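Observations on chain architecture
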Amino acid sequence: MIWNETKECMSRDELTSLQSARLVKLVDYVYHNVDFYRKKMQSMGLEPGDIKGIQDIEKLPFTTKDDLRDNYPFGLFAVPHSQIVRVHASSGTTGKATVVGYTRKDIDIWAECVARCLAMAGVTKDDIIQVAYGYGLFTGGLGAHYGAEKLGAMVVPMSTGNSKKLTTMMADFGATAIACTPSYLLHLAEVLESENLIKDIKLKRAICGAEPWTEKMHKEIEERLNIKAFDIYGLSEIMGPGVACDCEFHKGLHVCEDHFYPEILDSATMKAQKPGETGELVFTTFTKEALPLIRYRTKDLTSIDYEKCDCGRTSARISRFKGRVDDMLIIRGVNVFPSQVEAALIDVEEVSPHYMIIVDRVNNLDTLEIQVEVNPQYLTDEIRGIETLTKKITHVLSQALGLNPKVKIVEPHTLVRSEGKAVHVIDKRKLY
Ligand code: DLL
């Protein structure tokens, strides 16, 4: 399992014994360093010695995003603050961020995993790579950056936002690779076309992830830009980008299985699915020091294949994602829960709790409109009154979501009431 071009791999037997040894060590580590896990295990009558190998993983408890939220911000960290060298954060289910931390060793392993993924996508030290994931609390920018540096490529840290500058530099610098979300890359293709720059670029490959994308989008990216596009997966709680990536055969994403143990479970019964069957992806981190997680429920739906890949790698492959178990939306790479909108609107007395989130994709960029019903006593014909209220709600929602939505105030009782489960989202993008 190395990240250079030689594709040397462990056999599955070697991998299984490594995973067993690492799980035993991990369980002992969390039991002695994380109160949350010690209490959970004690409540189940489990002691570290009960876990003798990977075959015992099913005895262990699950971890959820809510557990991270309930222990906000640092309650699940297994090391003192003095050993943490970085934190990142992403959205929680009710607006509170889930905070993740890294020791220096965690950052090194993260860079190594991303470097492997980039190598799998054919990136080498001779490449000039533009990293156009957001830099900051989001793991995309810095995660891809450190991995590309580890590989020895020339990194251009663009972040997101200025597409014209990015496309001009792509041509001027002769960038050969780009890492960004697939929807942003399609938008960049449009900018390149409108600026008549396609003929001037040297782009060969793109490493896209952080949001779901279809095979159709994959094909469109490859054709419009005349490049090879690769799918990279990850989530902040487990590490960030680099948990898995697809190779030139595009037959699923190879998981960095020596660091992250994947299980595919039926999300109703939480029993293991057979290879090929769709279920919820659950990860155990073997080597993380700062925030080790046991059986973390990603809520992402996929299936798994343990057969050796045509590329020669022996690591398990997960299929392109098929949806999510919960209602999390990913809009321009930002995770958004409807419950965050609801929680933010509670503080605005002029509106009722009825809202509708409408997500669409226009010119390959996600759009977000939030319709909100005004309270009858605040109903006014005065345009200025509506404008002020719209501004206020836009501010409240953009603070809560980290995205600027278009807010539309509607009259009382205009939004559809559902008889069963309330429907708060209309997603017109058809991403799965
Ligand atoms: O999106 C990490 C990342 C950054 C991955 C850059 C790849 C590239 P979060 O913000 O925590 O982390 O969001 C994680 O995004 O549970 C999936 O639902 C979704 N996701 C990430 N990659 C893919 C992908 C980053 N390749 C959540 N395909 C995950 C489909 C993806 N969904």
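Note that this is a predicted model, so its numbers are computed, not measured. (Residues numbered from 1 in each chain as written. Predicted model: local features only at pLDDT ≥ 70, side-chain atom pairs only at ≥ 80, totals over all residues. Heavy atoms only, no water.)

**Comments concerning the nonpolar core**
Generally speaking, a soluble globular protein has its nonpolar side chains buried in company with each other. Counting residues in hydrophobic clusters, the biggest one holds 76 residues, and the most contacted among them are Leu23, Leu60, Ile129, Tyr233 and Ile318. The residues touching Tyr233, leaving out its near neighbours within four places in the chain, are Gly240, Pro241, Gly242, Val243, Ala244, Leu253, Leu281, Phe283, Thr298, Asp300, Ile318 and Phe321. One finds Met158, Cys180, Leu185 and Leu225 within the second-largest nonpolar core, a separate group that totals 28 residues. (Core = buried A, V, L, I, M, F, W, Y, C linked by side-chain atoms within 4.5 Å. Buried < 20%, exposed > 50% of the residue type's maximum accessible area, 1.4 Å probe, protein only. Contact = heavy atoms within 4.5 Å.)

**Digging into the sheet that holds strand E18 (residues 351-362)**
An order of E20-E19-E18-E21 is seen for the four strands of this open sheet, with the pairing classed as mixed. The sheet is open, and its two borders are formed by strand E20 (406-410) and strand E21 (425-427), each paired with just one other strand. Across the sheet, the mean angle separating the axes of adjacent strands is 15° when strand polarity is ignored. Here E18 pairs with strand E19 (residues 365-374) via nine bridges, running antiparallel. (Pairing = 2+ DSSP bridges. Helix = DSSP H or I, 4+ residues; strand = E, 2+ residues; numbered from the N terminus. Axes fitted to C-alpha atoms, helices over the stretch in contact; angles between N-to-C directions.)

**Observations regarding the environment of Thr16**
When you line up the elements, Thr16 lands in helix H1 (residues 12-33). C-alpha separation for the pair Thr16 and Ala171, spaced 155 residues apart in sequence, amounts to 46 Å. Polar contacts involving the side chain of Thr16 include one to the main-chain carbonyl oxygen of Arg12, which spans 2.8 Å. (Polar contact = N/O pair within 3.5 Å; in protein donor to acceptor, adjacent residues only side chain to side chain.)

**Observations regarding the packing of aromatic side chains**
Tallied over the full model, the rule gives five aromatic pairs. Arranged with centres 4.3 Å apart and planes meeting at 25°, the rings of Tyr233 and Phe321 form a pair that is stacked. Placement of the pair is Tyr233 in strand E7 (residues 228-235) and Phe321 in the loop between strand E14 (317-318) and strand E15 (323-324), with a sequence separation of 88 residues. When the ring centre of Tyr146 is taken as origin, the NZ or CZ atom of Arg86, which lies over that ring, is 4.7 Å away. (Phe/Tyr/Trp six-rings, centres within 6.5 Å; stacked < 30°, edge-to-face > 60°. Lys NZ or Arg CZ within 6 Å of the ring centre and 35° of its normal.)

**Points about the packing of H1 against helix H2 (residues 35-43)**
Between two packed helices, both the angle of their axes relative to each other and the distance between the axes serve to describe the pair. One way to put it is that H1 packs onto H2 with a least axis distance of 5 Å and a crossing angle of 105°. Judged by the inter-axis angle, H1 sits roughly perpendicular to H2. Between H1, through Val27, Val30, Tyr31, His32 and Asn33, and H2, the contact on the second element is made entirely by Asp35, Tyr37, Arg38, Met41 and Gln42. Considered class by class, the residues forming the contact of H1 with H2 number five nonpolar, three polar and two charged. (Parallel < 35°, antiparallel > 145°, perpendicular 65-115°, else oblique. Nonpolar A, V, L, I, M, F, W, Y, C, P; charged D, E, K, R; others polar.)

**A closer look at unusual backbone geometry**
Pro73 follows Tyr72 through a cis peptide bond whose omega is -5°. As for its placement among the helices and strands, Pro73 is situated in the loop between helix H3 (65-70) and strand E1 (86-90). Positioned with a positive phi, Asn226 is a non-glycine residue whose angle comes to about 55°. Here Asn226 shows up in the loop between helix H8 (215-225) and E7. Although it is not a glycine, Asn363 adopts a positive phi angle of roughly 50°. Checked against the element boundaries, Asn363 lands in the loop between E18 and E19. On the basis of relative accessible area, Asn363 is assigned to the exposed category, the value being 53%.

**What to know about the site of the ligand**
Around the ligand, the structure places 22 residues, and the nearest of them are Ala210, Asp231, Ile232, Ser236 and Asp300. A distance of 2.8 Å separates a nitrogen atom of the ligand from a polar atom in the side chain of Asp231. Here Arg324 contributes a side-chain N or O atom positioned 3.2 Å from an oxygen atom of the ligand. Every element with two or more residues in the shell around the ligand is listed here: helix H5 (139-151) and E7. With five residues, the top contributor of residues to the shell around the ligand is E7. (Near = heavy atom within 4 Å.)

**Observations concerning the pattern of salt bridges**
Inspection of the entire model under this criterion finds 31 salt bridges. Here Arg38 makes a salt bridge to Asp35, at a shortest N to O gap of 2.4 Å. Of this pair, Arg38 and Asp35 are both found in helix H2, three residues apart, which corresponds to roughly one turn of the helix. (Salt bridge = Lys/Arg side-chain N within 4 Å of Asp/Glu carboxyl O.)

**So, the side chain of Thr181**
Of note, Thr181 is situated in the loop between strand E5 (177-180) and helix H7 (182-194). When residues no more than four places from it in sequence are discounted, the contact partners of Thr181 are Tyr133, Cys208, Gly209, Ala210, Glu211 and Gly333.

**Details of the environment of Gln83**
Looking at where Gln83 falls in the secondary structure, it is placed in the loop between H3 and E1. Here the alpha-carbon distance between Gln83 and Glu289, two residues 206 residues apart in the chain, equals 9.4 Å. Setting aside anything within four residues of it in sequence, one finds Gln83 in contact with Tyr102, Thr103 and Arg104.

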